[in-house]
Amino acid sequence: MIDFSLSEEQQALQNMAREFAVKEMRPNAAKYDRGDDFPEEIMKKAFEAGFITCNIPQEYDGGGLKELEIAIISEELAAGCAGMFTTIMASSLAFTPIILFGTDEQKRRFLTPFTKKMGFAAFCLTEREAGSDAGATKTRALRDGDHYVINGSKCFITNGGIAGLYVVFALTDPDKGIRGVSAIVVPRETPGITIGKEEDKLGHRASNTTELFFEDVRVPVENLLAREGMGFIVAMKTLDVTRGSVGAAGVGVARTALEYAIDYAKTRQQFGKPIALFQNTAFKIAQMAMEVNAARHLVWHSAWLTDQGKPCGKESAMAKCFGSDVAMRTAVEALQIFGGYGYMKDYPMEKLMRDAKLLQIYEGTNEIQRLVISREVIGSIK
Ligand code: COS
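Residues numbered from 1 in each chain as written. Predicted model: local features only at pLDDT ≥ 70, side-chain atom pairs only at ≥ 80, totals over all residues. Heavy atoms only, no water.

Quick notes on the packing of helix H9 (residues 313–338) against helix H12 (residues 366–378)
Where H9 contacts H12, the two axes come as close as 9 Å, and the packing angle between them is 145°. The way H9 lies across H12 gives a crossing that is left-handed. Judged by residue contacts, Gly313, Lys314, Ala317, Met318, Lys320, Cys321, Ser324 and Asp325 of H9 engage Asn366, Gln369, Arg370, Val372, Ile373, Glu376 and Val377 from H12. Partitioning the contact of H9 with H12 into residue classes produces six nonpolar, four polar and five charged. (Axes fitted to C-alpha atoms, helices over the stretch in contact; angles between N-to-C directions. Helix = DSSP H or I, 4+ residues; strand = E, 2+ residues; numbered from the N terminus. Left-handed = near helix turned anticlockwise from the far one by under 90°. Contact = heavy atoms within 4.5 Å. Nonpolar A, V, L, I, M, F, W, Y, C, P; charged D, E, K, R; others polar.)

Put into C-alpha cells, the structure is as follows:
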C-alpha cells in the first residue's frame, strides 16, 4: 500500500510549524542574520511550542514525534529561517544518541529536564583533524576508577556555547582506533570545560557555533552510552536517523526561494511584460518546482523507512544530499531571477543562498553522503 496523504494530526503539526515560521521566524530572520544576537525570545516560543524537544519520547515528557513528523516540521522551520532551525534541530541531534542507546535511567536523567525548562544540547563529534574522517577522533576519555577523564577538543559544535549538555565522542581505548571510541554524556557544569570563540559564519548566523576544550573533565561512568568502544556506531546510527531532517531543511530553504522567485517574476516588468511570461524564467521556475517536489519525496521516504525501523542509511544520505543540493541550486537560480536586486542585502535571496551552502556541509558533507550511497549501491567488489 502506498499513501501520500498526511493524517489530520500531521496536517495540524505542519500548519502550526508553518504559522510559527511565518509569524515568528521570517520577520526576524534578517535581524538575526545581520547581528551577533541570539534569538532568545523566539527560542523560548519554540520551546513552548514543543519544537526543541519534539523527538524526546513521550514517556520522558517530550513530543514523541516520529521522523516523518520531524521532517514536516523541519521543512517549515527552515523555510522560516535556516539558522534558527539549526539551533532547534542541533538539540534533537544531540538527544538522538541518548534516545537510541541510553538506558531508561539515562533518558530520565538527561532528557526529561529539557522538557521542563528551555535548554539546548550539542552533539560533539567533529575535531580539527577528524571532520569527514570522523573515526580519527583524538579526544580521550580514559578510565580512572568510576570516572572517565576527558581531554581534547571539538570544533564547529552547533550550540557549543549555549548547550547545557554535550554528547562527546572520545577514545576510551586509544589503541583500538575507531573501535576504541565511546559516547559519553557530559553536563555543561562539569569542571574543565572551556568554550572557544563563537565562529563568524557565512550563513545560519542565528545559530551558535563554537570550539570546545576539555581539560581533565571528570564524568561518572554512568554517563557512558551503550558500551565502551561502541561510540562510532552510536554516531553513525544517530546520523542515519537525523540526516533526513537536513534534507527537509533543504526543501524548506528551496521552497522559500522558489516562492519569492514566483512572486517577483509575476510582478517584475521588463520589455513590457512580467518576466514570468518569458519562457527562460518560467522554465527555471518549473525546474525548481520539480526539484523541490523530488527532494521532499526522498525526505519523506527516508523518514518513513526510519519510522518503520527499516534500514535507512542510504536513503537518509540521499535525502540529505539531494535536499541540500536542491536548496543550493534553487537559491542560486531564484537569486538570478531577482537580478541585481537578488544580490542586495535588502532582499532575502542572498541569505537563502548563504544558508543553503551549510546544508551541503554539516551533518556530513555531501561528498560523504555520496560515499555512503555509493558504497551501498555498488556493494563489494570481488
Ligand atoms: N551504521 C552502523 N554501523 C556503521 C555505519 C552505520 N551507518 N557506518 C559505518 N558503520 C560501521 C562499519 O560497519 C564498520 O564496522 P566494522 O569495523 O565492524 O566493520 C565501522 O563502523 C567503520 O566503518 P567504515 O569502515 O565505513 O568507516 P570509514 O572510516 O571508512 O568511514 C564514514 C565512515 C566516512 C561514513 C564516517 O566517518 C562518516 O560518516 N563521516 C562523516 C562524519 C559526519 O557526518 N560528520 C558531521 C559532524 S556530526 S554533525
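Topic: unusual backbone geometry
Trans peptide bonds make up the majority, and among non-glycine residues the majority have a negative phi. Not every positive phi belongs to a glycine, and Asp61 is a case in point at roughly 75°. You can see Asp61 is positioned in the loop between helix H2 (40–48) and helix H3 (67–80). Asp61 gets classed as partly exposed once you look at its relative accessible area, which sits at 43%. Located in the positive-phi region is Phe271, a residue other than glycine, with phi close to 50°. Inspection of the secondary structure assignment puts Phe271 in the loop between strand S9 (269–270) and strand S10 (273–274). When its relative accessible area of 80% is taken as the criterion, Phe271 is described as exposed. (Buried < 20%, exposed > 50% of the residue type's maximum accessible area, 1.4 Å probe, protein only.)

Considerations on the domain arrangement of the protein chain
Under the domain assignment, the protein chain is made up of domain 1 (8–116), domain 2 (121–229) and domain 3 (232–378). Taken over C-alpha atoms, the centre of domain 1 sits 22 Å from the centre of domain 2. In total, about 1800 Å² of surface goes out of reach between domain 1 and domain 2, with carbon and sulfur atoms giving 66% of it. On the surface where domain 1 and domain 2 come into contact, there are zero salt bridges. (Domains from an automatic or database assignment. Buried area = accessible area lost by both parts, 1.4 Å probe. Salt bridge = Lys/Arg side-chain N within 4 Å of Asp/Glu carboxyl O.)

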